Amino acid sequence: MPLTRATEQSLPATSLKRKLRLRELVIQAVLFLCGLFSIFVTVGIIYELGKESMLFFGRTQWERTNKPIVAAISASDVQFEVSNIGAMASPGEVIRLDDELLMLTAVEGSTYFVERGFRDSLPVPHAAETIIYRGVDPSVWEFLTGTSWAPHAGQFGVLPLLNATLMVSGIAILVALPLGLAAAIYLSEYASPKARNTLKPILEVLAGVPTVVYGYFALTFMTPLLRSIFGQDTVQIYNTASAGIVIGILILPLVSTISEDALNAVPRSLREAAYGLGATRLETAVRIVLPAAFSGIAAAVIIAISRAIGETMVVALAAGAGPAFTFNPFQAAETMTGHIVRISGGDLSYDSLDYNSIFAIGLMLFVMTLALNIFSQYIVRRFREVYE
Amino acid sequence: MTDTAPTATATAAIETNDLSIYYGSFQAVRDVNLDIQPNRITAIIGPSGCGKSTVLRAFNRMNELIPSVNTTGEVLFRGQNIYKPDVDPVEVRRHIGMVFQKPNPFPKSVYENVAWGARINGFKGNMDELVHSSLQSAALWDEVKDKLDQSGLSLSGGQQQRLCIARAIAVRPDIILMDEPCSALDPIATLRIEELMRDLAKDYTIIIVTHNMQQAARVSDRTAFFSLSEDGKRAGMLMEYGDTKTMFTRPEKKITEDYITGRFG
């Protein structure tokens, strides 16, 4: 059609050539590097935790028995007398004198029968009064199932620490879930905009209080309160109940803010549908909005549990300083994080038993929170409703 | 019915006296006097922003879910002013149900969607029977009878809207308000809903807000035409109200004719 062609020809030429936008490129590169950096940091942390934990599990730890040999022995002696002080080793165990490893084959009274130069170590003479070390191999199985944690006595069961951690977190979530959810429902479904704009920041201030303050709050307020309610004899000065309740208060803003966001994200149209059927506010909030926001609330709770598991300062101050395998919340029991902070607070030499053990505990903490995060992602995906 | 007020004198399903609605200080609807006939379909038409939906939502006090809205005048349901301070809006909504512009089924099963409203209203009878009859009334039973336990959100848009109608019917209201119920649907789904409305009008009073004049002409018995006030204050006013046939063939006012013939809107 000539008319169209004529119009086309009369249009001015426009350059569509690609332009080099330097600023865009630089910004894009910086953003990419930031993302890359955070990934590297995460990988680095996992590497370090894994490496140090492997040192713990993959290597014989030497426990000092405090038992010396009575007389000097030559490089070829296969039996010797030991002193009657210190702890006995049993046949089949690897022992160490200076740098030489020996396999203990039999024990008769105070006589040790040994195989010299074990594991390719060099048989050398040893002086009288040389202290015997006993070799202990912490196994993953023992670590996960043992009910006693005393690395220097060869007991590597993490259960007392894990149990205390789970108890504190459990108590915390028992406090935070009902209160946080109630606060979220109030803020999202009942509060006037004015009340909400006042209350929400106040609630969020709770999240800004330093955890050390919460620790002393537990120790100097919550514990005396519990003791006055349940009795001085029932409640120890350090106990997991007090720490758990205070951590519950600490994670309350986390539960309530994320839950409130989840409730707010439920479309208005669903509320209108419920009201239109003659539902009351409570029926609408509890039976329509709450279930519709389930995935978000579940995610909030799981994040809060992760936070409670990782919380350190409150338990270090208020839960007790010494592993104890107890289900009584009024007794002192050290949590995983509490143990790490106490052990690493003193002089800690590199590659020592304590040093390696805290990495093993740290790795376990990491695995727990990672598992919770993966679980929360699953919940969010599984239960999320898509509204058009 | 829990009310004690006289009902025999009322002949209109809903009657408004000088109904005005304000958003903050802005008067969105001015002095509406309207009586809705029982068991009829009344269409509310008018250009965008003339307060059609606002008037509709005033009939079951849905406007109060928006904090800044203020309503004056009277809305009489069976002779009782539903805006009297001692009237419970929850009770009002149990008698005057609503279907919304966009289908909004609950994220629950098809069965639960229908049963929910009846259950919270204390329905004690045979729930399976109620779900069945409500879905049948909404012309949806045959399509969903094998997927009652599937999520209501898994249905198509038109099915979702009929599910919302079934849900409203299950509460056994006297009046069903429909706020542009077909605006999010394709023409075939729209046609099904319109047929359904004709069926429902045998048992219910239906008030429908629609943008679509053909729809008003097709389904309604009576039509109320709203438009903006001509004093520049942009308040919605009832311009003309009467039998649909009369209104679409011999409108009384020029503005109605202009709107119906598509000269503005």
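Predicted, not measured: the structure shown is a model, and the values here were computed from it.

Visitor: Break down the overall build of chain B for me, with residues and values.
Guide: Along the backbone of chain B there are 10 helices and 10 strands. The principal-axis extents of the C-alpha atoms in chain B amount to approximately 55 × 45 × 35 Å. Residues counted as buried form 45% of the 265 residues belonging to chain B.

Visitor: Residues and numbers for the overall build of chain A, please.
Guide: The helix and strand inventory of chain A stands at 13 helices and 8 strands. Scaling as 2.2 N^0.38, a compact globule of 388 residues should have a C-alpha radius of gyration of about 21 Å, whereas chain A reaches 31 Å, well beyond that. Principal-axis analysis of the C-alpha atoms gives chain A an extent of 115 × 75 × 35 Å. In chain A, which comprises 388 residues, the proportion classed as buried is 36%. Sequence separation of 24 or more characterises 70% of the internal contacts of chain A that already satisfy a separation of 6 or more.

Visitor: Can you explain the nonpolar core? Please cite residues and give values.
Guide: Core analysis: the largest hydrophobic core is formed by 150 residues, its most contacted members being Val 168, Val 246, Ile 251, Ala 304 and Val 314 of chain A together with Ile 207 of chain B. Among the elements that make up this core, the one with the highest residue count is helix H4 (residues 159-190) of chain A (15 residues). Each residue touching Val 168 of chain A, except ones within four places of it in the same chain, is listed here: Thr 240, Ala 243, Gly 244, Ile 247, Ala 308, Val 315, Ala 319 and Thr 335 of chain A. Membership of the second largest hydrophobic core comes to 15 residues, among which are Val 94, Ile 95, Leu 101 and Ile 132 of chain A.

Visitor: Tell me about the environment of Leu 226 of chain A, and please be specific about residues and values.
Guide: Residues and elements named next belong to chain A. Take Leu 226: it is sitting in helix H6 (residues 211-230). Separated by 163 residues in sequence, Leu 226 and Glu 63 have C-alpha atoms that sit 40 Å apart. With residues up to four places along the chain from it excluded, the contact list for Leu 226 reads Val 235, Ala 241 and Ser 242.

Visitor: Give me the lowdown on the domain arrangement of chain A, citing residues and values where you can.
Guide: All names here are of chain A. Domain assignment breaks chain A into domain 1 (24-59), domain 2 (61-136) and domain 3 (159-383). Taking only C-alpha atoms, the centre of domain 1 and the centre of domain 3 are 28 Å apart. Among the residues forming the side of domain 1 that touches domain 3, the class breakdown is 4 nonpolar, 2 polar and 1 charged.

Visitor: Break down the interface of chain A and chain B for me, with residues and values.
Guide: Every contact between the two is made by 16 residues of chain A and, on the other side, 20 residues of chain B. It is helix H8 (residues 268-276) of chain A that contributes the most residues to the side of chain A that touches chain B, 6 residues altogether. Considered class by class, the residues forming the side of chain A that touches chain B number 8 nonpolar, 5 polar and 3 charged.

Visitor: Run through helix H10 (residues 294-310) of chain A, naming residues and quoting values.
Guide: Residues and elements named next belong to chain A. When the terminal C-alpha atoms of H10 are compared, their 24 Å separation across 17 residues agrees well with the 24 Å that a helix rising 1.5 Å per residue should span. With 12 of 17 residues buried, H10 lies mostly within the body of the structure. For H10, the set of buried residues is Gly 296, Ile 297, Ala 299, Ala 300, Val 301, Ile 302, Ala 304, Ile 305, Ser 306, Arg 307, Ala 308 and Ile 309. Of the surrounding elements, those touching the buried residues of H10 are H4, helix H7 (240-264) and helix H13 (353-383).

Visitor: Would you mind going over the sheet that holds strand E3 (residues 94-97) of chain A in detail, with residue names and values included?
Guide: Residue and element names in this part refer to chain A. Read across the sheet, 6 strands follow the order E1-E6-E3-E4-E5-E2 without closing on themselves; strand pairing throughout is antiparallel. Each edge of the open sheet is held by one strand with a lone partner, namely strand E1 (61-68) and strand E2 (79-81). Between one strand axis and the next, the sheet turns by 40° as a mean value, whatever way the strands run. Sheet analysis places E3 next to strand E6 (residues 131-136), joined by 2 bridges and oriented antiparallel. Paired with Arg 96 across the strands is Tyr 133, a residue of E6.

Visitor: Describe the packing of helix H3 (residues 110-120) of chain B against helix H4 (residues 127-137) of chain B, listing the residues and the values that go with them.
Guide: All names here are of chain B. At a minimum axis separation of 10 Å, H3 and H4 run at an interaxial angle of 110°. Taken as axis vectors, H3 and H4 run roughly perpendicular relative to one another. Helix-helix and strand crossings are classified by hand; for H3 and H4 the assignment is right-handed. Of the residues in H4, those touching H3 at Tyr 111, Val 114, Ala 115 and Ala 118 are Met 127, Leu 130, Val 131, Ser 134 and Leu 135. Looking at the contact of H3 with H4, its residues break down into 8 nonpolar, 1 polar and no charged.

Visitor: Could you give me a rundown of unusual backbone geometry, with the residues and numbers involved?
Guide: Notably, Glu 129 of chain A is not glycine yet its phi reads approximately 70°, a positive angle. With respect to the secondary-structure elements, Glu 129 of chain A resides in the loop between strand E5 (111-115) and E6. The residue Arg 61 of chain B is not glycine, and still its phi comes out positive at about 55°. Its location among the elements puts Arg 61 of chain B in the loop between helix H1 (52-58) and strand E4 (69-77). Of the residues examined, Arg 61 of chain B has 22 C-beta atoms within 10 Å and is grouped as buried.

Visitor: Describe the environment of Thr 337 of chain A, and please don't skip the residues or the numbers.
Guide: With respect to the helices, strands and loops of the structure, Thr 337 of chain A is situated in helix H12 (residues 336-343). Sequence-distant contacts of Thr 337 of chain A, that is, excluding residues within four places in its chain, are made with Gly 310, Glu 311, Thr 312, Val 315 and Leu 365 of chain A.

Visitor: If you had to explain the packing of H4 of chain A against H7 of chain A to someone new, which residues and values would you point to?
Guide: Residues and elements named next belong to chain A. One way to put it is that H4 packs onto H7 with a least axis distance of 5 Å and a crossing angle of 35°. With respect to the hand of their crossing, H4 and H7 are arranged in right-handed fashion. Of the residues assigned to the contact of H4 with H7, the class counts are 25 nonpolar, 8 polar and 2 charged.

Visitor: Please give an account of the confidence of the model for chain B that cites residues and values.
Guide: A low pLDDT score tells you not to read the predicted coordinates there in detail. All names here are of chain B. For chain B, the average pLDDT comes to 90, and 96% of its residues sit at 70 or higher. Segment residues 1-8 is flagged for pLDDT under 50; beyond a separation of four residues in sequence, or across chains, it makes 7 contacts in the model. Interface confidence in the predicted complex, given as ipTM, is 0.89; pTM for the same model is 0.80.

Visitor: Give a description of the pairing of E4 of chain B that names residues and reports values.
Guide: All names here are of chain B. Note that strand E1 (residues 14-23) and E4 share 8 bridges and pair antiparallel. Bridge pairing in E4 links Ile 21 to Thr 71. In terms of strand pairing, E4 meets strand E5 (residues 80-81) through 2 bridges, oriented antiparallel. Its bridge partner lying in E5, Phe 77 is registered against Gln 80.

Criteria and thresholds
Position numbers for residues count from 1 along each chain, tracking the sequence in the order it is written. Both sets of labels track the order of writing: A upward for chains, 1 upward for ligands. Selection of residues for local features in this predicted model requires a pLDDT of at least 70, selection of side-chain atom pairs for listing and counting requires 80 or more, and totals for whole chains, interfaces and linings are taken over all residues. Helix and strand assignments follow DSSP, with helices taken as H or I runs no shorter than four residues and strands as E runs no shorter than two, numbered in order from the N terminus. In this scheme the burial state of a residue depends on its C-beta neighbours within 10 Å: 20 or more other such atoms mean buried, 12 or fewer mean exposed, and anything in between means partly exposed; the C-beta positions come from the backbone. All radius of gyration figures rest on C-alpha atoms, and the globule criterion is 2.2 Å times the number of residues raised to 0.38. Two residues qualify as a contact pair if the distance between their C-beta atoms, derived from the backbone, is within 7 Å. Joined through C-beta atoms within 7 Å, a set of buried Ala, Val, Leu, Ile, Met, Phe, Trp, Tyr and Cys residues constitutes a nonpolar core. The source of the domain bounds is an automatic or database domain assignment. Three residue categories are used. Nonpolar comprises Ala, Val, Leu, Ile, Met, Phe, Trp, Tyr, Cys and Pro, charged comprises Asp, Glu, Lys and Arg, and polar comprises the others, including Gly. The span one expects for a helix is its residue count, reduced by one, times 1.5 Å. For two strands to be treated as a pair, DSSP must find no fewer than two bridges joining them. Axis definition: a line fitted to C-alpha atoms, limited for helices to the stretch in contact. Angles are taken between N-to-C directions and run from 0 to 180 degrees. For classification purposes, angles smaller than 35 degrees are called roughly parallel, those larger than 145 roughly antiparallel, those between 65 and 115 roughly perpendicular, and all remaining angles oblique. It is the rotation of the near helix from the far one that decides the hand of a crossing: anticlockwise by less than a right angle makes it left-handed, clockwise makes it right-handed. Across the chain, each position has a pLDDT score giving the predictor's confidence in that residue, from 0 to 100.

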